[in-house]
Amino acid sequence: MRAFLENFDHFNVNRQNLVSKDRVISVDALRGFDMIWIIGGKKVFKGFDEACNTPFTNWIFSQLDHAEWYGFTFYDIIMPLFLYLVGISMVYSTRRRLSADPSRVSLWKHIAVRVVLLWLLGMAVQGKLLTYDLEQIKFYSNTLQAIAAGYLIASIIILYLPVVYQIVTTLGLMLVYWLVFAFVPVPGVGAGLYTPDGNIAIFIDKAVLGTFQDGTTYTWILSSLNFGATTMLGVFTGYLLQSQKKPLDKFYSLTAAGVILILLSYIWMPFHPMVKHLWTGSFVLFSGGICLLMLAGLYFVIDVLEYRKWTKFFVVIGSNAIAAYVSASIFDYRLIAKVFVGGLDKYVGAWYPFVLALGGFTVLYLILYYLHKNKIYVKI
């Protein structure tokens, strides 16, 4: 058993040796791809679909919205991919900080500040913080806050546990979540239900948050356990990417892990349904498998075959992901674009929403390009 543990322990985030320090361009490109849909890509395609209005474009646009309850659409991968990529980045940033200052005190100061800033930004983006009206403010309602929760949980795990126990703990997070659903009854309803209004997760949110609950069927407090699990899948990927394995072997490992997670999710689904609104364990496994396969594909093309010239567009967006997300959420860049393309309305007809959305996206991209070119990165 001891030899088995030692076989995993060399991956531990507290060790600064035996790791590759090469930048993984595929991770940057995947982050940029993810951000495109958050900062305007959906609006661009909505305008395209409205102009074309064909069964094919209608179907594609239907994939740019979340599943109503059960199941999975393309757009459902956006948020878990964000958390997954945060987990990968944690391995690099935590090792870098520990190598510069082995004291965990300064690291925990950074973690605390980051969690608070992410939480406040999440409230500003979606929690109506900027209304300054307590009757409207929602305390826990946004992707950035899910990232804060996942980041905090993952930080505790990776700083104090060897890797094999990190794996066990990650599985434990999902199992605890499942057991709460299975055995803790909702008053007057019972246990084991996954309906929008009768599940234990939404009951906990309403009971704890009260008037600060966001009023939707999305759940946050109990789901934080699985936000941590999703983030940890990224952490494990980061360990693999920083290992001394050959690039092709890393690709095989990413692909195999992705397939295994998807298969496990299907085995679990009859007992623990896949519901993004609840962030169930089967959703964690399925979305995690998709994240791994997406990264594997990009890793093979970019980091194994070294076809990298086309990645600049995505890297520019991904390099300032938080800044792009927050600014696009609180400001409509189409207002700036309208100054330049508003006059085209009478000429392009049904294509105007597409032109305006593309213009707004272009304005934001040019800002991000300027920041990237001048090596200005807004980090939290």
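The rules we used
Residues numbered from 1 in each chain as written. Predicted model: local features only at pLDDT ≥ 70, side-chain atom pairs only at ≥ 80, totals over all residues. Heavy atoms only, no water. Salt bridge = Lys/Arg side-chain N within 4 Å of Asp/Glu carboxyl O. Helix = DSSP H or I, 4+ residues; strand = E, 2+ residues; numbered from the N terminus. Buried < 20%, exposed > 50% of the residue type's maximum accessible area, 1.4 Å probe, protein only. Core = buried A, V, L, I, M, F, W, Y, C linked by side-chain atoms within 4.5 Å. Contact = heavy atoms within 4.5 Å. Expected span 1.5 Å × (residues − 1). Polar contact = N/O pair within 3.5 Å; in protein donor to acceptor, adjacent residues only side chain to side chain. Phe/Tyr/Trp six-rings, centres within 6.5 Å; stacked < 30°, edge-to-face > 60°. Axes fitted to C-alpha atoms, helices over the stretch in contact; angles between N-to-C directions. Parallel < 35°, antiparallel > 145°, perpendicular 65-115°, else oblique. Left-handed = near helix turned anticlockwise from the far one by under 90°. Nonpolar A, V, L, I, M, F, W, Y, C, P; charged D, E, K, R; others polar. 1 Å grid on protein atoms, 1.4 Å probe; cavity = no way out; pocket = protein on both sides within 12 Å on 5 of 7 lines; lining within 4 Å. Points joined across faces, edges and corners; volume = space filled by probe spheres on them.

(A) Representation of the pattern of salt bridges in the model. Within the structure shown, the criterion is met by four salt bridges. Arg31 is paired through a salt bridge with Asp28; the nearest N and O atoms lie 3.2 Å apart. In this pair, Arg31 and Asp28 both sit in helix α2 (residues 25-52), three residues apart, roughly one turn of the helix. Among the residues examined, Arg31 registers a relative accessible area of 13% and is labelled buried. Under the relative-accessibility criterion, Asp28 is labelled buried at 7%. For Lys42, the salt bridge identified is with Asp65, shortest N-O distance 3.9 Å. On the criterion of sequence distance, the pair formed by Lys42 in helix α2 and Asp65 in the loop between α3 (55-62) and α4 (78-100) is long-range, its members being 23 residues apart. We classify Lys42 as partly exposed; its relative accessible area is 23%. For Asp65, a relative accessible area of 43% puts it in the partly exposed group.

(B) Quick look at the nonpolar core. Counting residues in hydrophobic clusters, the biggest one holds 101 residues, and the most contacted among them are Ile39, Tyr84 and Phe227. Sort the elements by how many residues they give to this core and α4 lands first, with 12 residues. In this structure, Ile39 is in contact with Ile317, Ala324, Tyr325, Ala328, Phe361, Leu364 and Leu368, ignoring residues within four places of it in sequence. Residues Tyr177, Val180, Val186 and Leu278 belong to the second largest nonpolar core, which totals 11 residues.

(C) Highlighting helix α9 (residues 224-242). Its 19 residues give α9 an end-to-end C-alpha distance of 27 Å, which sits within 8% of 27 Å, the value for a rise of 1.5 Å per residue. The element α9 is largely enclosed, with a buried count of 18 among its 19 residues.

(D) Region of interest: the environment of Thr216. Checked against the element boundaries, Thr216 lands in the loop between α8 (200-209) and α9. Overall, the relative accessible area of 33% leaves Thr216 in the partly exposed class. For Thr216 and Ser26, which are 190 residues apart along the polypeptide, the C-alpha to C-alpha distance reads 35 Å. At a separation of 3.0 Å, a polar atom in the side chain of Thr216 contacts the side chain of Asp214. A distance of 3.1 Å separates a polar side-chain atom of Thr216 from the backbone nitrogen of Tyr218.

(E) Geometry of the environment of Leu285. With respect to the secondary-structure elements, Leu285 resides in helix α11 (residues 281-304). Residue classification places Leu285 among the buried positions, given a relative accessible area of 8%. Leu285 sits 51 residues away from Gly234 along the chain, and the two C-alpha atoms are 12 Å apart. Non-local contacts of Leu285, meaning those with residues more than four positions away in its chain, are made with Met174, Leu261, Ile262, Leu264, Ser265 and Trp268.

(F) Broad picture of the packing of aromatic side chains. A complete count under the given rule lists 31 aromatic pairs for this structure. Each ring, one from Phe236 and one from Tyr239, has its centre 6.4 Å from the other, and the planes form 55°; the classification is tilted. Here the residue Phe236 and the residue Tyr239 both occupy positions in helix α9, the gap between them amounting to three residues, near one helical turn. Across the pair, Tyr239 and Phe236 agree in class, each one buried. With 5.3 Å between their ring centres and 85° between their planes, Phe313 and Phe314 make a pair best called edge-to-face.

(G) Examining the side chain of Thr94 more closely. Of note, Thr94 is situated in helix α4. Separated by 2.7 Å, the side chain of Thr94 and the backbone oxygen of Met90 make a polar contact.

(H) Structural detail: the packing of helix α7 (residues 163-183) against α9. Their axes nearest at 9 Å, the elements α7 and α9 cross at an angle of 155°. Here α7 is positioned roughly antiparallel relative to α9, judged by the angle of their axes. Here α7 runs over α9; the crossing is left-handed. Of the residues in α9, those touching α7 at Val163, Gln166, Ile167, Thr170, Leu173, Met174, Val176 and Tyr177 are Leu225, Asn226, Gly228, Ala229, Met232, Val235, Phe236 and Tyr239. Split into classes, the residues belonging to the contact of α7 with α9 amount to 12 nonpolar, four polar and no charged.

(I) Fine view of empty space enclosed by the protein. Scanning all chains against the criterion turns up two cavities of 30 Å³ or more. Looking at the largest cavity, its volume works out to about 60 Å³. Lining the largest cavity are Met90, Ser93, Thr94, Arg97, Leu107, His110, Ile111, Tyr151, Ser155, Ile158 and Leu159. Its residues placed into classes, the lining of the largest cavity shows six nonpolar, four polar and one charged. Residue composition of the lining of the second largest cavity, by class: five nonpolar, two polar and one charged.

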